[in-house]
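Notes for the structure review
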Amino acid sequence: MAHKTAENRPLPALLIKGVLLSTIAAILLITLFAVALQQGWLGAESVPTVTTVIKVLCAALCSLVVIVKYQRRRWLAGALAGALFSVAAFCCFSLLSASFNVDLLLLADIAIGALSGALTAMLVNLAGK
């Protein structure tokens, strides 16, 4: 069987890999943040800022995992990866918190994820990778 090159890797497989890796990273970062809150190293007022930073970084990670192996329309693949990460993270954290509230905030998170993913892909293209 021929080894798959970077140009012909299937996008759905890359998206699944990226979403899984970035969701695991998000869970780890949220856990570290919870420890920092519990130890008193960070105050409760930092919660919205830190959670947004974690979402953006993990959406960028998801995009990066996808676009490193996918060469066509990277900005679109990156945006899709970021948006899918946002949905997966929402589902994962809703399951963990035992509450499932779909509201306008979910759409904002999806938009932030898509933007973060697309910008990551554009920056990688500018860097020539």
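Residues numbered from 1 in each chain as written. Predicted model: local features only at pLDDT ≥ 70, side-chain atom pairs only at ≥ 80, totals over all residues. Heavy atoms only, no water.

Some points on helix α2 (residues 47-69)
Where we set the bar: Helix and strand assignments follow DSSP, with helices taken as H or I runs no shorter than four residues and strands as E runs no shorter than two, numbered in order from the N terminus. Here the expected span of a helix is defined as 1.5 Å times the quantity of residues minus one. Summary of the burial criterion: residues with accessible area below 20% of their type's maximum are buried, those above 50% are exposed, and those between are partly exposed, where the area comes from a 1.4 Å probe applied to protein chains only. Pairs of residues are marked as contacts when any of their non-hydrogen atoms sit within 4.5 Å.
With 23 residues, α2 ought to run about 33 Å at 1.5 Å a step, and its terminal C-alpha atoms sit 34 Å apart, in line with that. Within the sequence span of α2, burial applies to I54, C58, A59, A60, C62, S63, V65, V66 and I67. Residues of α2 that are buried sit in contact with α1 (11-39), α3 (74-97) and α4 (104-127).

A closer look at the environment of V65
Looking at where V65 falls in the secondary structure, it is placed in helix α2. Between the C-alpha atoms of V65 and G18, which are 47 residues apart in sequence, the distance is 5.3 Å. Other than its neighbours up to four places away in sequence, V65 contacts K17, G18 and L21.

Here we look at α1
For α1, which comprises 29 residues, the first-to-last C-alpha distance of 42 Å matches the rise-based estimate of 42 Å (1.5 Å per residue) to within 8%. Of the residues making up α1, those classed as buried are L11, L14, L15, G18, V19, S22, T23, A25, A26, F33 and A36. Considering only its buried residues, α1 is in contact with α2 and α3. Two residues or fewer past α1, G40 is found with a positive phi of approximately 85 degrees.

Overview of the confidence of the model for the protein
Quick reminder of the rule: Every residue carries a pLDDT, the predictor's confidence in it, which falls somewhere between 0 and 100.
Confidence in the prediction of the protein, expressed as mean pLDDT, is 88, and 93% of residues score 70 or more. Within the protein, the lowest mean pLDDT, 90, falls on α3, and the highest, 94, falls on α1.

Some details on a nonpolar patch on the surface
To be explicit about the condition: Like charges within 9 Å and nonpolar side chains (Val, Leu, Ile, Met, Phe, Trp, Tyr) within 5 Å are joined into patches, using only residues over 30% in relative accessible area that form no salt bridge. Using a 1.4 Å probe, accessible areas were evaluated by the Shrake-Rupley method; residue-level cover was limited to the displayed protein chains. Each reported salt bridge corresponds to a side-chain nitrogen of Lys or Arg within 4 Å of a carboxyl oxygen of Asp or Glu.
Residues W75, L76, L115, L119 and M122 make up a contiguous nonpolar surface patch of roughly 490 Å² in combined accessible area. Examining the composition of the nonpolar patch, we find that three residues originate from one element, α4, more than from any other. On the secondary structure map, M122 appears in helix α4. Judged by relative accessible area, which is 40%, M122 ranks as partly exposed.

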